[in-house]
Amino acid sequence: MAFPIQKVLKLAHSTFSKLSKGIAVDTGSLSPIKSLLDQIRASDVDFDASNFRGRQAPVTYVKLYEDRVMSVGIFVMRNGAKLPLHDHPGMYGLCKTIHGEMKVESYSRAVMSDDVIMRKMSTLPFSNVIPVNKKDSACLSEEDECCVLTPDSGNFHEIRAVGDMAAFLDILAPPYDYETMTRTCQYYTLLEDTDEFNDLQVQWLNEIDEPRDFWCDSSDYTGPTLQDI
Ligand SMILES: [Fe+2]
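A brief structural summary. What you see is a predicted model, and the numbers here were worked out from it, not measured in a lab.

## Quick notes on the environment of Asn133
In step 1: Structurally, the position occupied by Asn133 is in strand 5 (residues 129-140).
In step 2: A C-alpha to C-alpha distance of 26 Å links Asn133 and Phe16, two positions 117 residues apart in sequence.
In step 3: Those residues in contact with Asn133, other than ones at most four positions away along the chain, are Tyr107, Ser108, Ala110, Leu200, Gln201 and Val202.

## Points about the coordination of the iron ion
In step 1: Within the first shell, the iron ion binds the protein through His86 (NE2), His88 (NE2) and His157 (NE2), at distances of 2.1 Å.
In step 2: Overall, the relative accessible area of 7% leaves His86 in the buried class.
In step 3: A residue is classified by how much of its surface remains accessible, and His88, at 2% relative accessible area, is buried.

## Looking at the packing of aromatic side chains
In step 1: Counted according to the given criterion, the structure contains seven aromatic pairs.
In step 2: Relative to Tyr92, the ring of Phe16 lies with its centre 6.0 Å away and its plane at 40°, an arrangement referred to as tilted. Taken as a pair, Phe16 in helix 1 (residues 4-20) and Tyr92 in strand 4 (residues 92-109) lie far apart in primary sequence, 76 residues in all. Here Phe16 matches Tyr92 in class, with each residue buried.
In step 3: With centroids separated by 6.0 Å and ring planes inclined at 55°, the aromatic side chains of Tyr187 and Phe214 adopt a geometry described as tilted. Note that Tyr187 is positioned in strand 8 (residues 187-197) and Phe214 in the loop between strand 9 (200-208) and strand 10 (216-219), a separation of 27 residues in sequence. Comparing Tyr187 with Phe214, the two get one shared label, buried.
In step 4: Ring pairing ties together the aromatic residues Tyr61, Phe75 and Phe168, which thus form one cluster.

## Observations regarding the nonpolar core
In step 1: Among the nonpolar cores identified, the biggest contains 35 residues, and Leu9, Phe16, Phe47, Leu64, Met70, Ile74 and Ile171 are the most heavily contacted of them.
In step 2: Sorting the residues of this core by element identifies helix 1, helix 2 (31-38), strand 1 (59-66), strand 2 (71-77), strand 4 and strand 7 (156-173) as the ones contributing at least two each.
In step 3: Ignoring sequence-local partners within four residues, the contact set of Leu64 consists of Ile5, Val45, Val72, Gly73, Ile74, Leu169, Tyr221 and Leu226.
In step 4: Of all hydrophobic cores here, the second largest spans 17 residues; its members include Leu140, Ile159, Ala161 and Tyr187.

## A closer look at the pairing of strand 1
In step 1: Both strand 1 and strand 10 contribute to a ladder of four bridges, which runs parallel. Looking across to strand 10, one finds that Tyr61 is bridged to Ser218.
In step 2: Of the pairings in the sheet, the one linking strand 1 to strand 2 comprises seven bridges and is antiparallel in character. Residue Val59 lies in a different strand from strand 2, and its bridge partner there is Met77.
In step 3: If you look at the hairpin formed by strand 1 and strand 2, you'll find four residues sitting between the two strands.

## Details of the packing of helix 1 against helix 2
In step 1: Helix 2 packs onto helix 1 with a crossing angle of 160° between their chain directions and a minimal axis gap of 9 Å. Classified by the interaxial angle, the pair formed by helix 1 and helix 2 is roughly antiparallel. Viewed along their axes, helix 1 and helix 2 form a crossing whose handedness is left-handed. Here Lys7, Val8, Leu11, Ala12, Thr15 and Phe16 of helix 1 lie close against helix 2, whose contacting residues are Pro32, Ile33, Leu36 and Leu37.
In step 2: Residue composition of the contact of helix 1 with helix 2, by class: eight nonpolar, one polar and one charged.

## Topic: the pattern of salt bridges
In step 1: Applying the stated criterion across every chain, the model contains eleven salt bridges.
In step 2: Asp164 is paired through a salt bridge with Arg53; the nearest N and O atoms lie 3.3 Å apart. Of this pair, Asp164 sits in strand 7 while Arg53 is found in the loop between helix 2 and strand 1, placing the two residues 111 residues apart along the sequence.
In step 3: The class for Arg53 is partly exposed, based on a relative accessible area of 45%.
In step 4: Of the charged contacts, one joins Asp193 and Lys120 as a salt bridge, the two residues approaching to 3.1 Å between their closest N and O atoms. Taken together, the positions of Asp193 in strand 8 and Lys120 in helix 3 (residues 114-121) put the pair 73 residues apart, joining distant regions of the chain.
In step 5: Overall, Lys120 belongs to the buried group, its relative accessible area being 11%.

About the criteria used
Residues numbered from 1 in each chain as written. Predicted model: local features only at pLDDT ≥ 70, side-chain atom pairs only at ≥ 80, totals over all residues. Heavy atoms only, no water. Helix = DSSP H or I, 4+ residues; strand = E, 2+ residues; numbered from the N terminus. Contact = heavy atoms within 4.5 Å. Donors = N, O, S within 2.8 Å, 3.2 Å for Na, K, Ca; no water. Buried < 20%, exposed > 50% of the residue type's maximum accessible area, 1.4 Å probe, protein only. Phe/Tyr/Trp six-rings, centres within 6.5 Å; stacked < 30°, edge-to-face > 60°. Core = buried A, V, L, I, M, F, W, Y, C linked by side-chain atoms within 4.5 Å. Pairing = 2+ DSSP bridges. Axes fitted to C-alpha atoms, helices over the stretch in contact; angles between N-to-C directions. Parallel < 35°, antiparallel > 145°, perpendicular 65-115°, else oblique. Left-handed = near helix turned anticlockwise from the far one by under 90°. Nonpolar A, V, L, I, M, F, W, Y, C, P; charged D, E, K, R; others polar. Salt bridge = Lys/Arg side-chain N within 4 Å of Asp/Glu carboxyl O.

On their own, these measurements won't tell you what the molecule is for.
Listed below in structure tokens is the structure:
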């Protein structure tokens, strides 16, 4: 009998393998993955918070699985640590809290003409700004549903531990690709400027270098085997 984490990843893999064949994944087909992922708890992936205390790194990554279809891992954030505001270009993602409490703030790219963006840029001392609409701001713990991002929705997010250590299981498809540089992670700050377009509040992100106070170490996964999914 398959373990719950094996079932989730098997389903995610078969769903997201369509992407590598050029077939689009509609948000409806993410629902069955989300339903299974919502049930996942720390014990399903043998996560024990006490193993992660006393480390220097603000964030630890535990790799569960990775191939050309998807990457799956656990991000463990120390008290007050965060994954700075970043994006997932052309990717889908599901994040399920498995320990503690974390605050997720997510944004979607606002639909806006290049003219308007160029005009905005001309008023700012930055060369690359992106218009976004706020999608969500939520505090999530293990009893809460996972959050879902797609290429068009919630693709930018910041995730921070609230109160004490927090950890979440992260499924990304397709994975970041630093070999061909087709999907790389960029970091952003939120500018204070807010504008109004078509009755929608637009905020602006400015691309920045990876923040110096953010770094990740790694730890081994000890849960059920995932090689045969
Ligand atoms: Fe992310």
